[in-house]
Amino acid sequence: MPHEMYTRIEKAIKDLTGVPDALLVDGGEHADLATTVAFALAKQKKQAPVKIAQDLALELKKNPDIAMVTVEAKGPYINFTFGSAFVSEVLKDAVRPGYGNLPKKPTRVVLEHTSANPNGPLHVGHIRNSIIGDTLARAFRKAGYPLEVQYYVNDMGRQIAIVVWGFDNLDSARQDNEKEDAHIARIYIAANRAIEKDEGITRQVNTLMQLVENGDPATVKKFRKEVSRCLDGFAVTLKDLNVRHDRFVWESDFIRNGNTERIINRLKRMPQAREEETLALDLSEFGFTNKYVIRRSDGTSVYAARDLAYHAWKGANFDRIIDVLGADHKLIGAQLQCTMKLIGEKAPEIVHFEFVSLPEGSMSTRAGKFVSADDLITEIRKRAFDEVTARRPELDEATRKAIARSVGLAAIRYDIVKVSPEKSTVFDWKEALDFERQSGPYIQYAHARACSILGKAGSFTECFELETEQEIAVAKKIARFPEVIEQVVAELRPHILAVYARELADTFNTFYHFEPVLKSEGKVRDRRLTLVKAVQNTLKESLQTLGIDAIETM
RNA sequence: GGGCCUGUGGCUUAGCCUGGACAUAGCGCCGGGCUUCUAACCCGGAUGCCGGGGGUUCGAAUCCCCCCAGGCCCGCCA
């Protein structure tokens, strides 16, 4: 509906002026939409923009297609303001469950995210990937796409060989209550220390890698065992973060099923192939200065080859491929895309996010320098529990714990998703543990507040005719929700939804403080309760798309 | 050395792709508001050469060029 109106206004302007790129801009505080077409016409018409705007506004007012909007010339601008008739139409949708769901689409989408190496627990950098990926996944589902979310398990890298070497050669017993992934990190860190002291170990690690690539059953079994244990640990963390994968795809499967070999044979025939000791692609004609190595001189494949095989498989089963990857993968991601196109396969769309570092520098699993997601979750739940206990001492402990879990999850997910992915960030405990404005709990609180009002109201007759400025402001925010979902999916930028949800909560809070709902009477009470219901529903849908629990009390 | 990303009040940040009306919000600071629907809230105030310099344009935080600073990458690692 807003979109349709937008198109209609745009058409009206184009028909009238003949300016093809007469785009509408945000009217800010002056109006809902505005056009600056008068500036562009000033030269050709040899008239002042103000005069042109006045004349155009007069003509636009006569256009029956846009009768629902108020047209007004203000200086050189022509402003468009939606009337309350428009707003009431939108509200009728917004009070219904599933508001913001877009029409079903046939395009099958596969989305890969997280895919962290299984050599230690997920840390606060990895979960930026998980949260961006999972939020995108939820937005895609809301936008009507059939979607599968995958985790690509790197089960045959050097890191895993180091882990396996550590378990074979070091004191590797698991400590009491030690989580699997933390256990693996401890052994991985110790093995790396040993390697620094003794270069002979590197040869042993290389042997392990050869064995696994050749499919030696005992070695493959060992690798799988440690990787599985690490993934079991990840599963707990991801569940705590409300992040879900539909399928775990194992890298080594692409060796076993012959797909890697098949793709290497195709790559060999490319004009860009350089087969010397290694097999590599020369992509310099596309601006890549380094060689893209596919196969080692000892005949084993490198990560890139398996990754190409994996993507070819994704392309065969899905229409669109989306990968969420760290900024460190930009170059290899671009090489992958380039190569896929050259062999006539679908190339992935890649969402890159910049790094999360610690105040003392970048994180490193190998050096043991990281803040694990588990530690963050434990700490934030503790903080949230104290907060809930202070505010709601009358609630029993189980209820307070449940609220604390939801609030903690909200704080973590929102803190991470609210920042544009291209911004590198420094992890800050104080900010991560903040429950105030511009936080997930702030939005949850607005939702709980709306629920509370509705709970006390009892039954009422829905009324969609809003009147006051505050009421209309809230309704216009609500009206934007479907476009926001569309935009997130189109631009692959989930932080847009985070910003929107916060703005909706802001607008509702202001309304709440100025316009009494329960104490008003008759039609006013009905229409305000209807508005509260629409806000509650839209906040709920927004929060759920952000992977945050829309709790009803807190 | 080359490539990509970032630089917006003391701190964090939206807007940049698709140029327009006094640059968005939070934290912190100052001043107000709970006998009133949940104060994890609201209202008001101070704080900006939008990294610097050039250019394009009637108009630049936004587009182009140069420079500076930070992050990431440039492996027979993954």
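Attention now moves to the sheet that holds strand S11 (residues 320-326). Paired through backbone hydrogen bonds, the strands of a sheet run either parallel or antiparallel to each other. One open sheet accounts for five strands, arranged S7-S6-S5-S11-S12; its pairing is parallel. At either margin of the open sheet sits one strand with a lone partner, and together these are strand S7 (247-250) and strand S12 (349-353). Ignoring strand direction, the axes of neighbouring strands in this sheet form an average angle of 25°. Taken together, the five bridges between S11 and S12 define a ladder with parallel strand orientation. Across the sheet, residue Ile322 finds its bridge partner in S12, namely Glu349. Relative to S11, helix H5 (residues 126-142) is tilted by about 155°, and along the sheet it contacts strand S5 (109-112), strand S6 (147-153), S11 and S12.

To continue, consider the pairing of S11. Across the seven residues that make up S11, a large majority, seven, are buried. The alternating pattern of S11 places Arg320, Ile322, Val324 and Gly326 on one face and Ile321, Asp323 and Leu325 on the opposite face, and all of these are buried. Of the pairings in the sheet, the one linking S5 to S11 comprises four bridges and is parallel in character. Bridge pairing in S11 links Glu112 to Asp323.

This brings us to unusual backbone geometry. In the Ramachandran plot, Thr114 falls in the positive-phi region, its phi being about 75° despite a non-glycine side chain. Structurally, the position occupied by Thr114 is in the loop between S5 and H5. Backbone geometry at Asn177 places phi at a positive 60°, although glycine is not the residue there. As for its position among the elements, Asn177 is in the loop between helix H6 (158-169) and helix H7 (180-197).

Tracing the sequence through the fold places Arg400 in helix H15 (residues 397-417). Buried charge Arg400 goes without a salt bridge, the closest partner of opposite sign being Glu397 at 5.0 Å. Polar contacts involving the side chain of Arg400 include one to the main-chain carbonyl oxygen of Leu395, which spans 2.9 Å.

Attention now moves to the packing of helix H12 (residues 303-317) against helix H13 (residues 330-342). Following both chains from N to C, one finds H12 and H13 inclined at 55°, their axes separated by 11 Å at the closest point. Comparing their axes, H13 and H12 come out oblique. For the element pair H12 and H13, the recorded crossing hand is right-handed. Taken together, the residues of H13 that come into contact with H12 (itself represented by Tyr303, Asp307, Leu308, His311 and Ala312) are Ile332, Leu336, Thr339 and Met340. Of the residues in the contact of H12 with H13, the class split is six nonpolar, two polar and one charged.

Attention now moves to the sheet that holds strand S3 (residues 69-74). Strands sit in the order S1-S2-S4-S3 across an open sheet of four strands; the sheet is antiparallel. If you trace the sheet from one side to the other, it starts and ends with strand S1 (24-26) and S3, each paired once. Across the sheet, the mean angle separating the axes of adjacent strands is 30° when strand polarity is ignored. Bridge analysis of strand S2 (residues 33-35) against strand S4 (residues 77-82) gives three bridges, and the strand direction is antiparallel. Bridge pairing links Thr35 to Ile78 in S4.

This brings us to the nonpolar core. Of all hydrophobic cores here, the largest spans 148 residues; its most connected members are Ile9, Phe80, Ile127, Phe140, Ile412 and Ile478. Within the second largest apolar cluster, 25 residues are counted, among which are Phe254, Leu281, Cys338 and Met340.

Quick notes on the rules
- Residues numbered from 1 in each chain as written.
- Chains lettered and ligands numbered in written order.
- Predicted model: local features only at pLDDT ≥ 70, side-chain atom pairs only at ≥ 80, totals over all residues.
- Heavy atoms only, no water.
- Pairing = 2+ DSSP bridges.
- Helix = DSSP H or I, 4+ residues; strand = E, 2+ residues; numbered from the N terminus.
- Axes fitted to C-alpha atoms, helices over the stretch in contact; angles between N-to-C directions.
- Contact = heavy atoms within 4.5 Å.
- Buried < 20%, exposed > 50% of the residue type's maximum accessible area, 1.4 Å probe, protein only.
- Lys, Arg positive; Asp, Glu negative; His and termini not counted.
- Salt bridge = Lys/Arg side-chain N within 4 Å of Asp/Glu carboxyl O.
- Polar contact = N/O pair within 3.5 Å; in protein donor to acceptor, adjacent residues only side chain to side chain.
- Parallel < 35°, antiparallel > 145°, perpendicular 65-115°, else oblique.
- Left-handed = near helix turned anticlockwise from the far one by under 90°.
- Nonpolar A, V, L, I, M, F, W, Y, C, P; charged D, E, K, R; others polar.
- Core = buried A, V, L, I, M, F, W, Y, C linked by side-chain atoms within 4.5 Å.

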